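The residues making up each chain are set out below.
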Amino acid sequence: MFPFRRDQFGELVGEFNRMSDEFNRLFGLRPTAAVGPLMNLWADDNNVYAELDLPGVDPAKVEVLVTEGNQLTVQGERTAPEVKGAVWVRQERPVGRFTRQVTLPVLVDADKVDARYEYGVLKLTLPKSEAAKPRKITVKA
Amino acid sequence: MAEQALERANGPAQPIPVEGETRAVTVAPRVDILETDDEILVFADMPGVTAQDVDIRFENGELTVHGRRTASHPDKEKAAREFEVTSYFRSFQVTEQIAADRIEAELKNGVLTLHLPKVEAVKPRRIAVKG
């Protein structure tokens, strides 16, 4: 019905990932994401905008830190759903603590960072520090 | 029984380009599946999707979930891009052990929860032994 879904290489990669998950489970290791949640960054003249996909996370347990003006750290924990009397059939969604740290391209004002959690996405607005804002220099004749 | 009831749950697929949109991709959401005596529960990660943008269909024994997320900040300069998920799609084969007319779904914090109730005939039953 959906012939375009046949992606041999993708299936192989998926198989490797599943195998690695099984190994972790076998040896009692807590599964962790390789790099933490993925992040997109945008910038305009006044702000830097960051977005991280954090579906099903309690926003109260998400920590956002800005250190040294340009080190952004987002950390928190994802928990597996707990249903009374239920048996697990398949587990693909990652659980456990996650940390994501990036160096922002410019210095930001850490006191004015706005963070909101909408539809499972953490949206950050980080105002650029005055020194980092673009400035128009007039050329004297 | 759940593996039979959901005969095939496609694994997370690699991004598939959507026709007509240069950077748009479709991915299969990651799912957790749990089974209780009464129902099968499916949790699917679909961050950025609102309840209006999700389409769940049941047809010919196939349950399909399609979600669309809109691009944020389309007008701004991108500083770093690690994901470009604009659509989610995944399908499940559902057998007659599931009461298709009573399937329910809810979406909260980017997680879609599907309740697939079992038909009465396959629910486990406790048989009382007469003395």
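Quick summary incoming for the structure in this document. These numbers were taken from a predicted model, which means no experiment stands behind them.

**Section: the overall build of chain A**
Logical step 1: A count of helices and strands for chain A gives one helix and eight strands.
Logical step 2: Helices (α) and strands (β) of chain A occur, in sequence order from the N terminus, as α-β-β-β-β-β-β-β-β.
Logical step 3: The proportion of buried residues among the 141 residues of chain A is 23%.
Logical step 4: Contacts in chain A between residues at least 24 apart in sequence constitute 57% of all its contacts with a sequence separation of at least 6.

**Concerning the overall build of chain B**
Logical step 1: Helix and strand counts for chain B stand at one helix and eleven strands.
Logical step 2: Going from N to C terminus, chain B has its helices and strands arranged as α-β-β-β-β-β-β-β-β-β-β-β.
Logical step 3: Across the 131 residues in chain B, those meeting the buried criterion constitute 31%.
Logical step 4: Residue pairs in contact within chain B that sit at least 24 positions apart in sequence constitute 56% of those at least 6 positions apart.

**Things to note about the pairing of strand β10 (residues 104-108) of chain B**
Residue and element names in this part refer to chain B.
Logical step 1: Bridge count for β10 against strand β11 (residues 111-117) is five bridges, and the pairing is antiparallel. Residue pairing for β11: Leu107 is matched across the bridge by Leu112.
Logical step 2: Between the end of β10 and the start of β11, which pair antiparallel, lie two residues, with Asn109 showing a positive phi angle near 50°.

**As for the interface of chain A and chain B**
Logical step 1: Facing the 35 residues of chain A at the interface are 38 residues of chain B.
Logical step 2: Going through the elements one at a time, α1 (8-26), β1 (39-43), β2 (47-53) and β5 (87-91) of chain A are the ones with two or more residues in the side of chain A that touches chain B.
Logical step 3: Residue composition of the side of chain A that touches chain B, by class: 20 nonpolar, seven polar and eight charged.
Logical step 4: Two elements, β1(A) and strand β8 (residues 77-80) of chain B, share three bridges in a ladder whose sense is antiparallel. Within β8(B), the position partnered with Trp42(A) by the bridge is Lys78(B).

**Examining the pairing of β2(A)**
Residues and elements named next belong to chain A.
Logical step 1: Most of β2 is tucked away, with six of its seven residues classed as buried.
Logical step 2: Note: β1 against β2, five bridges, orientation antiparallel. Note on β2: the bridge partner recorded for Leu41 is Ala50.
Logical step 3: Taking the residues that link successive antiparallel strands as the turn, the β1-β2 hairpin has three residues.
Logical step 4: Note that β2 and strand β8 (residues 121-127) share seven bridges and pair antiparallel. In the sheet register, Tyr49 faces β8, and the bridge partner there is Thr125.

**Overview of the sheet that holds β2(A)**
Logical step 1: Read across the sheet, five strands follow the order β7(A)-β8(A)-β2(A)-β1(A)-β8(B) without closing on themselves; strand pairing throughout is antiparallel. One side of each edge strand has no neighbouring strand; the edge strands of this open sheet are β7 (114-118) of chain A together with β8 of chain B. Looking at each pair of strands side by side, their axes are set apart by 25° on average, direction ignored.

**Thoughts on the sheet that holds strand β4 (residues 71-78) of chain A**
Residue and element names in this part refer to chain A.
Logical step 1: Taken in spatial order, the three strands make up an open sheet running β3-β4-β6, and their pairing is antiparallel. Since the sheet does not close on itself, it has two edges, and those belong to β3 (63-67) and β6 (96-103), each with one partner. Taken pair by pair, the neighbouring strands of this sheet meet at an average axis angle of 15°, ignoring direction.
Logical step 2: Relative to β6, β4 runs antiparallel, the two sharing eight bridges. Bridging from a neighbouring strand, Leu72 pairs with Val102 of β6.

**A closer look at the environment of Glu120(B)**
Logical step 1: Structurally, the position occupied by Glu120(B) is in the segment after β11.
Logical step 2: For Glu120(B) and Ile98(B), which are 22 residues apart along the polypeptide, the C-alpha to C-alpha distance reads 9.2 Å.

**Considerations on unusual backbone geometry**
Logical step 1: For Glu68(A), which is not glycine, the phi torsion reads 55° and is therefore positive.
Logical step 2: As for its placement among the helices and strands, Glu68(A) is situated in the loop between β3 and β4.
Logical step 3: Looking at Glu68(A), the number of C-beta atoms within 10 Å reads 8, which means it is exposed.
Logical step 4: One non-glycine residue, Asn109(B), lies in the positive phi region at around 50°.
Logical step 5: Looking at the secondary structure, you find Asn109(B) in the loop between β10 and β11.

Scoring rules and cut-offs
- Residues numbered from 1 in each chain as written.
- Chains lettered and ligands numbered in written order.
- Predicted model: local features only at pLDDT ≥ 70, side-chain atom pairs only at ≥ 80, totals over all residues.
- Helix = DSSP H or I, 4+ residues; strand = E, 2+ residues; numbered from the N terminus.
- Buried ≥ 20, exposed ≤ 12 C-beta atoms within 10 Å, placed from the backbone.
- Contact = placed C-beta atoms within 7 Å.
- Pairing = 2+ DSSP bridges.
- Nonpolar A, V, L, I, M, F, W, Y, C, P; charged D, E, K, R; others polar.
- Axes fitted to C-alpha atoms, helices over the stretch in contact; angles between N-to-C directions.

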